[in-house]
Amino acid sequence: MSVHAYILIQTDVGHAAEVTHAVTAVPGVVSADDVSGPYDVIVRAEAKSVDALGHDVVARIQALDGITRTLACPVVHL
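Calculation notes
- Residues numbered from 1 in each chain as written.
- Predicted model: local features only at pLDDT ≥ 70, side-chain atom pairs only at ≥ 80, totals over all residues.
- Heavy atoms only, no water.
- Helix = DSSP H or I, 4+ residues; strand = E, 2+ residues; numbered from the N terminus.
- Rg over C-alpha atoms; globule rule 2.2 N^0.38 Å.
- Pairing = 2+ DSSP bridges.
- Core = buried A, V, L, I, M, F, W, Y, C linked by side-chain atoms within 4.5 Å.
- Buried < 20%, exposed > 50% of the residue type's maximum accessible area, 1.4 Å probe, protein only.
- Contact = heavy atoms within 4.5 Å.
- Axes fitted to C-alpha atoms, helices over the stretch in contact; angles between N-to-C directions.

The number of helices and strands found in the protein is 2 helices and 4 strands. Beginning at the N terminus, the succession of helices and strands in the protein can be written as β-α-β-β-α-β. Here the C-alpha radius of gyration of the protein, 12 Å, is about what a compact globule of 78 residues would show, namely 12 Å. If one aligns the C-alpha atoms of the protein with their principal axes, the spans along those axes are about 35 × 25 × 15 Å.

Note on strand geometry: in a regular strand, side chains alternate between the two faces of the sheet. In this sheet, strand β3 (residues 41-47) lies alongside strand β2 (residues 29-34) in antiparallel orientation, the contact comprising 5 bridges. In the strand pairing of β3, S31 is matched with R44. In textbook terms, the turn of a hairpin is the stretch between consecutive antiparallel strands, and for β2 and β3 this stretch comprises 6 residues, one of which, G37, has a positive phi near 125°.

In terms of nonpolar packing, the biggest core is built from 20 residues, with I7, I9, V43, L53, V57 and I61 touching the most fellow members. Of all the elements in the fold, those that place two or more residues in this core are β1 (3-11), α1 (16-23), β2, β3 and α2 (50-62). With 5 residues, α2 is the largest single contributor of residues to this core. Beyond its immediate stretch of four places on either side in the chain, L53 contacts V3, A5, A45, A47 and V58.

Attention now goes to the sheet that holds β2. Judged by pairing direction, the sheet is antiparallel, and its 4 strands sit side by side in the order β2-β3-β1-β4 without closing on themselves. Each having just a single partner strand, β2 and β4 (67-74) make up the two edges of the open sheet. Within the sheet, the average angular offset between the axes of one strand and its neighbour, ignoring direction, is 20°. Bridge count for β1 against β3 is 7 bridges, and the pairing is antiparallel. Considered in β3, the bridge of A5 is made with A45. Here α1 sits on the sheet in contact with β1, β2, β3 and β4, set at roughly 170° to β2.

Note that every value here comes from positions in space, so none of it alone points to a role or purpose.
See the structure below:
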């Protein structure tokens, strides 16, 4: 069973499009969209565990240029 999450990203002003393009190359990223509101990009990601999500996906996204803040929201099934 894999873990799915939405990762909300705030970017430097004027960098949303380049961040969206860059995050699509990160392994585990399923999709990335520019949005308006308090966040600039929303990413749908998947990994084999919560630890892998943090280490293999979120950490790699946070290392990209132009990102100021991220918020990972794991999907839960109620």
